[in-house]
Amino acid sequence: MPFKQNVYEQAVYKEPAPIRDEEHPFQSMIRRFDVAAKILELDPGFYEYLVTPSRVHITAIPVIMDDGRLKLFEGYRVIHNEILGPSKGGIRYTPDVNVNEVKALAAWMTWKCAVVDVPFGGAKGGVVCDPGSMSPGELERLTRRYTANLLDVFGPEKDIPAPDMNTNAQIMAWIVDTYNMHTRASSTAVVTGKPTILGGSLGRVEATGRGVMSVTMSAMEKLGMNPTDSTVAVQGFGNVGSVAAKLLAERGCKVVAVSDVTGGYYNENGFDVESLVAYAEKNKRSLAGFPGAESISNDELLTLPVDVLVPAAKEDQITSANAPDIKARIISEGANGPTTPSADRILEENGILVVPDILANAGGVTVSYFEWVQDRQGYFWTLDRVNKRLDRMMKKAFDNVYAASEQYEVPLRTASYVLAVDKVATALKLRGIYA
Ligand code: NAD
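Residues numbered from 1 in each chain as written. Predicted model: local features only at pLDDT ≥ 70, side-chain atom pairs only at ≥ 80, totals over all residues. Heavy atoms only, no water.

Peer 1: Describe the overall build of the chain, listing the residues and the values that go with them.
Peer 2: Per the secondary structure count, the chain includes 15 helices and 12 strands. Over its C-alpha atoms the chain spans a radius of gyration of 21 Å, differing by no more than 12% from the 22 Å that the globule rule assigns to 435 residues. The principal-axis extent of the C-alpha atoms belonging to the chain is close to 60 × 55 × 45 Å. The buried share among the 435 residues of the chain stands at 57%. (Helix = DSSP H or I, 4+ residues; strand = E, 2+ residues; numbered from the N terminus. Rg over C-alpha atoms; globule rule 2.2 N^0.38 Å. Buried < 20%, exposed > 50% of the residue type's maximum accessible area, 1.4 Å probe, protein only.)

Put into structure tokens, the structure is as follows:
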């Protein structure tokens, strides 16, 4: 049944969220913020303001299940702040989501939007549920009631949700419909990550991988590296990794290694990435059995003598155990949190340029912003226009972070936070505190 397939289709756009400490996610977020606040000598009152979510909504969601039972679910929406614009952030449906996690992720969205100069504040939402065990009808009723409960919170000028873990374009379509039924309006800009027929943007699926390519090109330029003389290894061959590999190859880089959950694949002459993509498409998204490749382990891939390493699989892949053996000159973090803090120190000592996740994988949130702009204009851009504008924004964001890293003599990761916190604090000073 095609309807059911759409419900369970994987989200094409997930707001990245590398918050490591599952027990204390909010404190973990604050530790990163603290480094930037110290460098900026942030006023204690401003510090307090910027770490505190402006609103935390907790709502009970009653759903009539298919067997006639009434079941209550708990939903959250945290608005971290709206200093730079309406708040923006995904909604996740998972059994273990909790308000502390949502608070941390909402704050993280504030910094992320600020780094790429997107005029949004930060938010995040979640519903405690197990979508895998729910029918399409149950998911639809849950989504519509969650939306109705938060009707005063959401809005194109107020708070704009997006897909995140276990939510997708279909779920966004239900939010649009419910919101418009209640407001008696026709506003598609209330969410991003919608189907294109309902006002989604072209280029959204490729946006994160494209952003990774773009910042990698900028990093190479800074280091005086020529793409056509450079080799690349990509860990993870899903949405982000495969697009990044394809676009880097298009720019002349030699992609010598790729991997997925089935293992690593190496070809010293460089892969034809298009044929890897075509193979994975036919093979349930797996590279297992790809001909013309030497089999390597995922660990071996990370320590290959390549110029660029793109971790695009999952968190905590580069640790203090393997960091000393990493030979790449540039690491572009497609995944969220692929490098642990202790590995960061080692990579820095070894002079490796790490383009951090908050910047490198921000292509998705940038095209999400484009989607909102197009919806409000009621005028949709060509793919070429979306891509050119994305490239321009990613390049500018990279240059700004790079300049901040030189100014404050810190790695790009710290520089990203310094830039973001400074921007939000400056905007807050200009707006002032309403009495
Ligand atoms: P995906 O599910 O499409 O792909 C993940 C890939 O990683 C698959 O090829 C999988 O086989 C592989 N993989 C899983 N475990 C692995 C392992 N141990 N070793 C090697 N490969 C492994 O996911 P995605 O959307 O490409 O996301 C990848 C990362 O990028 C995640 O950290 C995600 O949060 C982050 N991210 C994604 C987006 C987006 O727009 N999709 C945006 C920002 C950040």
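Peer 1: Outline the packing of aromatic side chains, supporting the account with residue identities and numerical values.
Peer 2: Scanning all chains against the criterion turns up 11 aromatic pairs. Where Phe-33 meets Tyr-47, the ring centres are 5.3 Å apart and the plane angle is 55 degrees; that geometry is what we call tilted. Of this pair, Phe-33 sits in helix H2 (residues 25–39) while Tyr-47 sits in helix H3 (residues 44–51), and the two are 14 residues apart along the sequence. Look at Phe-33 and you get buried, because its relative accessible area is 0%. (Phe/Tyr/Trp six-rings, centres within 6.5 Å; stacked < 30°, edge-to-face > 60°.)

Peer 1: I'd like to hear about the nonpolar core, residue by residue, with values.
Peer 2: Membership of the largest hydrophobic core comes to 91 residues, with the highest contact counts inside it found for Met-29, Phe-33, Leu-50, Trp-111, Val-258 and Val-355. Of all the elements, helix H15 (residues 412–431) adds the most residues to this core, at 10 residues. Contacts of Met-29, omitting those with residues within four sequence positions, involve Ile-19, Ala-104, Ala-107 and Trp-111. Listed in part, the 26 residues of the second largest apolar core include Val-63, Tyr-93, Leu-142 and Val-190. (Core = buried A, V, L, I, M, F, W, Y, C linked by side-chain atoms within 4.5 Å. Contact = heavy atoms within 4.5 Å.)

Peer 1: Describe in detail the pairing of strand E2 (residues 70–81), supporting the description with residues and values.
Peer 2: In terms of strand pairing, strand E1 (residues 55–64) meets E2 through 10 bridges, oriented antiparallel. Of the residues in E2, the one forming a bridge with Ala-60 is Glu-74. Counted between consecutive antiparallel strands, the loop separating E1 from E2 contains 5 residues, among which Gly-68 sits at a positive phi close to 95 degrees. Judged from the 6 bridges that link them, E2 and strand E4 (residues 121–128) form a sheet pairing that is antiparallel. Each bridged residue has a counterpart across the sheet, and for Asn-81 the counterpart in E4 is Gly-122. (Pairing = 2+ DSSP bridges.)

Peer 1: Quick one: what's the story with the layout of surface pockets, residue by residue and with numbers?
Peer 2: The probe, sized like a water molecule, is rolled over the atoms to show the empty space still left. Computed from the structure, the second largest pocket encloses a volume of approximately 800 Å³. Along the wall of the second largest pocket there are 30 residues; nearest its centre are Asp-344, Glu-348, Pro-411, Arg-413 and Thr-414. The set of elements that each furnish at least two residues to the lining of the second largest pocket consists of H2, helix H11 (341–349), strand E12 (353–355), helix H14 (383–408) and H15. Partitioned by chemical class, the residues of the lining of the second largest pocket number 13 nonpolar, 6 polar and 11 charged. (1 Å grid on protein atoms, 1.4 Å probe; cavity = no way out; pocket = protein on both sides within 12 Å on 5 of 7 lines; lining within 4 Å. Points joined across faces, edges and corners; volume = space filled by probe spheres on them. Nonpolar A, V, L, I, M, F, W, Y, C, P; charged D, E, K, R; others polar.)

Peer 1: Break down the pattern of salt bridges for me, with residues and values.
Peer 2: Counting across every chain of the model gives 21 salt bridges. A salt bridge links Lys-396 to Asp-117; the nearest nitrogen and oxygen atoms lie 3.1 Å apart. One end of the pair, Lys-396, is in helix H14; the other, Asp-117, is in the loop between helix H4 (99–115) and E4, and 279 residues separate them in sequence. By relative accessible area, Lys-396 is classed as partly exposed at 47%. A salt bridge links Arg-251 to Glu-250, with the nearest nitrogen and oxygen atoms 3.8 Å apart. Residue classification places Arg-251 among the partly exposed positions, given a relative accessible area of 30%. Each of Arg-92, Glu-101, Lys-124 and Asp-164 takes part in salt bridges that share partners, so that together they form one network. (Salt bridge = Lys/Arg side-chain N within 4 Å of Asp/Glu carboxyl O.)

Peer 1: Residues and numbers for H15, please.
Peer 2: Along its 20 residues, H15 runs 28 Å from first to last C-alpha, staying within 8% of the 28 Å computed at 1.5 Å per residue. Within two residues after H15, Gly-432 carries a phi angle of roughly 80 degrees, on the positive side. (Expected span 1.5 Å × (residues − 1).)

Peer 1: Explain a nonpolar patch on the surface to me, using residue names and the numbers behind them.
Peer 2: There is a patch of nonpolar side chains on the surface, built from Ile-64, Leu-70 and Leu-72 and spanning about 300 Å² of accessible area. Position of Ile-64 relative to the elements: it lies in strand E1. (Patch = residues over 30% accessible without salt bridge, like charges linked within 9 Å, V, L, I, M, F, W, Y side chains within 5 Å. Areas by Shrake-Rupley, 256 points an atom, 1.4 Å probe, with all protein chains shown as cover.)

Peer 1: Provide a residue-level description of unusual backbone geometry, including the pertinent values.
Peer 2: You will see that Glu-41, though not glycine, has its phi angle at about 50 degrees, which is positive. Structurally, Glu-41 is set in the loop between H2 and H3. Despite not being glycine, Asp-117 has its phi angle at roughly 65 degrees, a positive value.

Peer 1: Go over the sheet that holds strand E5 (residues 159–163), please, and point to the residues and values.
Peer 2: Reading across from one edge, E1-E2-E4-E3-E5 is the order of the 5 strands in this open sheet, with mixed pairing throughout. Whereas interior strands pair on both sides, the edge strands pair on one side only; in this sheet they are E1 and E5. Shown here is a sheet whose adjacent strand axes are inclined to one another by a mean of 25 degrees, direction ignored. In terms of strand pairing, strand E3 (residues 87–94) meets E5 through 5 bridges, oriented parallel. Bridged to Gly-89 within E5 is Pro-161. Each of E1, E2, E3 and E4 is contacted by H4, which is oriented at about 150 degrees to E4, the strand it contacts most. (Axes fitted to C-alpha atoms, helices over the stretch in contact; angles between N-to-C directions.)

Peer 1: Tell me about the environment of Pro-227, and name the residues and values.
Peer 2: Position of Pro-227 relative to the elements: it lies in the loop between helix H7 (207–222) and strand E6 (231–235). Between the C-alpha atoms of Pro-227 and Val-212, which are 15 residues apart in sequence, the distance is 14 Å. Sequence-distant contacts of Pro-227, defined by excluding residues within four places in its chain, comprise Met-217, Met-220, Arg-251, Gly-252 and Cys-253.

Peer 1: Kindly report on the packing of H14 against H15, identifying the contributing residues and their values.
Peer 2: Contact geometry of H14 with H15 gives a least axis separation of 8 Å together with a crossing angle of 105 degrees. One way to sum up the angle between H14 and H15 is to call them roughly perpendicular. On H15, the residues that touch Phe-398, Asn-400, Val-401, Tyr-402, Ala-404, Ser-405 and Tyr-408 of H14 are Leu-412, Ala-415, Ser-416, Val-418 and Leu-419. (Parallel < 35°, antiparallel > 145°, perpendicular 65-115°, else oblique.)

Peer 1: An account of the sheet that holds strand E9 (residues 294–296) is needed here, citing residue identities and associated values.
Peer 2: Judged by pairing direction, the sheet is mixed, and its 7 strands sit side by side in the order E9-E8-E7-E6-E10-E11-E12 without closing on themselves. Bordering the open sheet on either side are E9 and E12, each of which pairs with just one other strand. If you compare each strand with its neighbour and ignore which way they point, the axes differ by 20 degrees on average.

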